[in-house]
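The primary structure of each chain is shown beneath.
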Amino acid sequence: MKLLVTGVKGQLGYDVVKEAEKRGVEAVGVDIDEMDITDAKQVREVITKGGYDAVVHCAAWTAVDKAEDMEEACRKVNKEGTENIAQVCEALDIPIMYFSTDYVFNGQGSEPWKEYDEKAPLNVYGQTKYEGELAVEKLAKHFIIRIAWVFGKNGNNFIKTMLRLGKERGAVSVVNDQIGSPTYTYDLAKLVLDMIQSDKYGTYHATNEGICSWYEFACEIFKQVGMNVQVTPVSSDEFPTKAKRPCNSRMNKTELDRNGFDRLPTWQDALHRYLKELEIE
């Protein structure tokens with residue numbers, strides 16, 4: 001099997017290529033320099049000439065707040081870029097795997113979001129990711145995997161930010177009314193390889209097991225590294241952001257179970273392994 005992995009410079013794309021290499025699966029990672037997903041002609045040429053069996057599409061606009069001021073640029077990447085890839089995959093009759101987000105839902109309540117619940121994005125980022133989903137859904141051979149609170153070795157994330165701020169300031173304030181589950185890209189990459197080598201197409205939710213608030217996540221980070229940092233819980237109202245954030249990012253995993261895929265390990269376990277990985281650097 002030969003995979004094309006977009007967004008290889010990001011957290012997930014990097015880990016997907018690494019996991020493929022471990023399994024002896026050929027994976028070619030590309031980023032904007034090798035294939036600008038917003039350039040339909042270039043996308044067609046790269047995928048057609050490469051002789052790929054599937055595309056794992058990790059590239060995305062993920063700057064949530066910046067998207068509010070740059071809606072057109074965000075849509076060009078998340079919607080149009082995804083459409084460009086989907087059209088070529090459809091023409092070649094090869095599967096596409098697309099990564100989406102809980103931001104496609106309205107973020108209210110406390111029940112975990114089911115895979116096919118009604119969509120009502122809260123912000124530009126969520127809307128454009130949903131538009132990407134719509135482009136992918138048209139293909140018979142498609143995977144949509146919704147993830148949340150992503151962290152991995154290759155890039156910036158909440159954990160790295162907390163460790164830096166804790167070291168610099170000795171105290172942080174973190175919202176305690178947004179609830180969800182972190183996703184470790186190393187764990188997710190294993191599921192990605194299991195899934196892309198199957199024909200169990202559809203929409204899935206895949207985060208690490210267990211739920212927490214961002215405040216609880218921060219507390220666990222400092223506890224595991226043994227840092228004495230004062231963590232103050234605050235409400236979202238006290239910590240305003242340009243883009244509205246969901247209070248409820250819990251996600252139901254029914255489709256993973258139904259199709260026989262293993263759930264990811266607990267987020268605490270994932271965090272422990274990730275922190276050990278960071279120590280190596």
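Residues numbered from 1 in each chain as written. Predicted model: local features only at pLDDT ≥ 70, side-chain atom pairs only at ≥ 80, totals over all residues. Heavy atoms only, no water.

Things to note about the pairing of strand β4 (residues 96-101)
Then comes step 1: In terms of burial, β4 is a largely internal element, 6 of the 6 residues being buried.
Then comes step 2: Covered by surrounding structure in β4 are Ile96, Tyr98 and Ser100 together with Met97, Phe99 and Thr101, the residues of both alternating faces.
Then comes step 3: Note that strand β3 (residues 54-57) and β4 share 3 bridges and pair parallel. Residue Val56 lies in a different strand from β4, and its bridge partner there is Met97.
Then comes step 4: Sheet topology note: the β4/strand β5 (residues 142-147) ladder contains 6 bridges and is parallel. Looking at β5, one finds that Met97 is bridged to Phe143.
Then comes step 5: Each parallel crossover has a hand, and the one from β4 via helix α5 (residues 124-137) to β5 is right-handed. (Buried < 20%, exposed > 50% of the residue type's maximum accessible area, 1.4 Å probe, protein only. Helix = DSSP H or I, 4+ residues; strand = E, 2+ residues; numbered from the N terminus. Pairing = 2+ DSSP bridges. Right-handed = clockwise from strand over helix to strand, strands pointing away.)

Quick notes on the pattern of salt bridges
For side chains of opposite charge, pairing can occur when their charged atoms come near one another.
Then comes step 1: Counted by the stated rule, this structure contains 21 salt bridges.
Then comes step 2: In this structure, the salt-bridge partner of Arg164 is Glu168, at a minimum N-O distance of 3.6 Å. Of the two residues, Arg164 and Glu168 both sit in helix α6 (residues 158-169), 4 residues apart, roughly one turn of that helix.
Then comes step 3: A salt bridge links Glu209 to Lys253; the shortest N-O distance between them is 2.9 Å. (Salt bridge = Lys/Arg side-chain N within 4 Å of Asp/Glu carboxyl O.)

Re the UniProt feature "domain: RmlD-like substrate binding" (unreviewed entry) in the protein
Then comes step 1: Look at the UniProt record and you will see "domain: RmlD-like substrate binding" (unreviewed entry) annotated at residues 1-279.
Then comes step 2: Secondary structure content for residues 1-279 is 43% helix and 19% strand, and the end C-alpha separation is 34 Å. (UniProt positions renumbered as here; feature names shortened; annotations may be inferred.)

A closer look at the side chain of Asn78
Then comes step 1: Structurally, the position occupied by Asn78 is in helix α4 (residues 71-92).
Then comes step 2: Assessed through its relative accessible area of 2%, Asn78 is described here as buried.
Then comes step 3: Separated by 2.7 Å, the side chain of Asn78 and the backbone nitrogen of Trp61 make a polar contact.
Then comes step 4: Only 3.1 Å separates the side chain of Asn78 from the side chain of Thr128, close enough to count as a polar contact.
Then comes step 5: Those residues within four positions of Asn78 in sequence are excluded, and the remaining contacts are Ala60, Trp61, Tyr98, Tyr125, Thr128, Lys129 and Gly132. (Polar contact = N/O pair within 3.5 Å; in protein donor to acceptor, adjacent residues only side chain to side chain. Contact = heavy atoms within 4.5 Å.)

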